[in-house]
Amino acid sequence: MKKNILVTGGAGYIGSHTLVELYNSGYKPIVVDNLSNSSLNNIKGAEQITKSKIDFYKLDCTDFEQMNKLFEEQKNIDAVIHFAAFKSVEESVIQPDKYFSNNIGSLEILINLMNSHNVNNIIFSSSCTVYGSPEFLPVNELAPFGKAESPYGETKQLCEKLIQKSEINSISLRYFNPVGSHPSSLIGDCSADKPNNLVPIICEVASGKRKSMQIFGNDYNTPDGTCVRDYIHVVDLAKAHVMAVNHILNNTKIKTAYNLGVGKGLSVLEVIDSFQKVNNLKISHALGPRRAGDVEKIYSDNTKINIELGWFPVMSFESALETAWNWEKLKNL
Ligand code: NAD
């Protein structure tokens, strides 16, 4: 019989890609999403790709009563993947309470319900923001949590600590910078947020939504002076969730965290340059001052997940840039 995986935030960008990979690996995903930052089209897209019907509950994870009903109805949940959260760093600075109540509140309710319904396994969407500005690069999982650069980053730190304290088996996946889309272009990032990640901003310039983009600082201690990040294809990221589910279901007493990045840093200018070459487009950009809260450089040591889960990135950065642009074009049709 197929194992049931409850996927909160499954209509979102990373969630919808994970639905496809779960289904392709023989799991039955059950989705909860309030569609606050996504679209039902991602569920429909995942159904089209997998040629299957996906169980979908339009619910808010912070609604205890409704979530309890769902746990009562779906008696055999084997594991939960908790994506549901707000993710805009910028907005979290302006409205920190919104972030604390949704990101932490939803997890508290989930842990509570998992305990009372005997669901013992959770995969949590964390972020490399938990490291703040790491002292050593590439950063590995032994690095301490740094000073959070935003309330959003702080919610991820607090959530990891909450999970750590619980009795539940857990894997926190610390994503670096997810990019790209499924090759079908049937699912992708439907975020209502104003993008503050590099590739979505480049795509907006490419589509004409923005005239030009600003590069925040070129006087950092990096090869070309612009910030360096670790970009991971969303399909590789989604596959890592399946491996994490396999691992947690086949082992007892797991409490761990893995970095999810490719292990290579790319600068802002390198990304713009690659995007232009891959998509044969010109991206108008200008150099500007540094932006508050930006970490100079961060990229992952992914050895732990390589060894323990056998996960390695296989998708190319070029395909991430190509599919990101394909998704942007379709979004604007
Ligand atoms: P997303 O906004 O596309 O997906 C999140 C989904 O959760 C959305 O569909 C939204 O409608 C839903 N949601 C939010 N609050 C909810 C609630 N209370 N109840 C029900 N549904 C709710 O974001 P994403 O990029 O797919 O990110 C998924 C997770 O990964 C988030 O936890 C995010 O913080 C984390 N993360 C994302 C990135 C990134 O760059 N995309 C990087 C690191 C970590």
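Our subject is the structure that appears above.
How each quantity is defined
Numbering of residues starts from 1 in each chain and follows the order in which that chain's sequence is written. Reporting of local features is limited, given that this is a predicted model, to residues whose pLDDT is at least 70; pairs of side-chain atoms are given and counted only at 80 or more, and all residues count toward the totals for whole chains, interfaces and linings. To obtain the side-chain values, all non-hydrogen atoms of the structure were used and water was disregarded. The set of buried Ala, Val, Leu, Ile, Met, Phe, Trp, Tyr and Cys residues whose side-chain atoms join them within 4.5 Å is what this entry labels a nonpolar core. Type-normalised accessible area, obtained with a 1.4 Å probe on protein chains alone, sets the label of each residue: buried when under 20%, exposed when over 50%, and partly exposed for intermediate values. For helices the rule is a DSSP run of H or I covering at least 4 residues; for strands it is a run of E covering at least 2, with both sets numbered from the N terminus onward. Contacts: residue pairs with any heavy atoms within 4.5 Å of one another. Salt bridges are defined by distance alone: a side-chain nitrogen of Lys or Arg within 4 Å of a carboxyl oxygen of Asp or Glu. Comment: axis = line fitted to C-alpha atoms, over the contacting stretch for helices; angle = value between 0 and 180 degrees taken between N-to-C directions. Every angle not falling under 35 degrees, over 145, or within 65 to 115 is termed oblique; those three ranges are roughly parallel, roughly antiparallel and roughly perpendicular. Ten residues, namely Ala, Val, Leu, Ile, Met, Phe, Trp, Tyr, Cys and Pro, are considered nonpolar, four, namely Asp, Glu, Lys and Arg, are considered charged, and the remaining ones, Gly among them, are considered polar. Criterion used throughout: strands pair if DSSP finds at least two bridges between them.

Trainee: What should I look at first to understand the nonpolar core in this one?
Mentor: Within soluble globular proteins, side chains that are nonpolar generally end up buried alongside one another. Grouped together as the largest cluster of nonpolar side chains are 36 residues, with contacts concentrated most on Ile5, Leu22, Ile123, Ile171, Leu173, Leu260 and Ile305. A total of eight residues in this core trace back to one element, the largest contributor, which is helix H8 (residues 234-249). In this view, Ile171 contacts Ile122, Ile123, Phe124, Ala244, His247, Ile248, Ile254, Thr256 and Tyr258; residues no more than four positions away in its chain are not counted. With 25 residues, the next largest nonpolar core counts Ile109, Leu110, Val119 and Cys159 among its residues.

Trainee: It is not clear to me how the pattern of salt bridges should be interpreted in this structure. Could you clarify?
Mentor: When their charged atoms lie close together, side chains carrying opposite charge are able to pair. Scanning the entire structure with this criterion turns up 14 salt bridges. Ionic pairing is found between Asp219 and Arg290, a salt bridge with its closest N-O pair at 2.9 Å. Note that Asp219 is positioned in the loop between strand E8 (213-216) and strand E9 (228-229) and Arg290 in the loop between strand E13 (285-288) and helix H10 (303-309), a separation of 71 residues in sequence. The partner of Asp273 in a salt bridge is Lys277, with the nearest N and O atoms 2.9 Å apart. One end of the pair, Asp273, and the other, Lys277, are both in helix H9 (residues 268-279), four residues apart, so they sit about a helical turn from each other.

Trainee: Quick question: what am I supposed to make of the packing of H9 against helix H11 (residues 317-331) here?
Mentor: Each pair of packed helices can be described by the angle between their axes along with the distance between the axes. Packing of H9 against H11 leaves a shortest axis separation of 9 Å and a crossing angle of 70°. In this view, H9 runs roughly perpendicular relative to H11, as classed from their interaxial angle. Contacts between H9 and H11 involve Val271, Ser274, Phe275, Val278 and Asn279 on the former and, on the latter, Phe317, Glu318, Leu321, Glu322 and Trp325. Its residues placed into classes, the contact of H9 with H11 shows six nonpolar, two polar and two charged.

Trainee: Please clarify how the pairing of strand E11 (residues 255-260) should be interpreted in this entry.
Mentor: Regular strands show a simple pattern: their side chains alternate between the two faces of the sheet. Across the six residues of E11, five count as buried, placing the element largely inside the fold. Where strand E6 (residues 169-175) lies against E11, six bridges are found, and the strand directions are parallel. When the sheet's bridge partners are listed, Arg174 is paired in E11 with Asn259.

Trainee: When you look at the pairing of strand E2 (residues 28-33) in this model, what are you seeing that I'm missing?
Mentor: In terms of burial, E2 is largely enclosed, as five of its six residues are buried. Bridge count for strand E1 (residues 4-8) against E2 is five bridges, and the pairing is parallel. Residue Ile5 lies in a different strand from E2, and its bridge partner there is Pro29. Relative to strand E3 (residues 55-58), E2 runs parallel, the two sharing four bridges.

Fair warning: the whole summary comes from geometry, so function is off the table for now.
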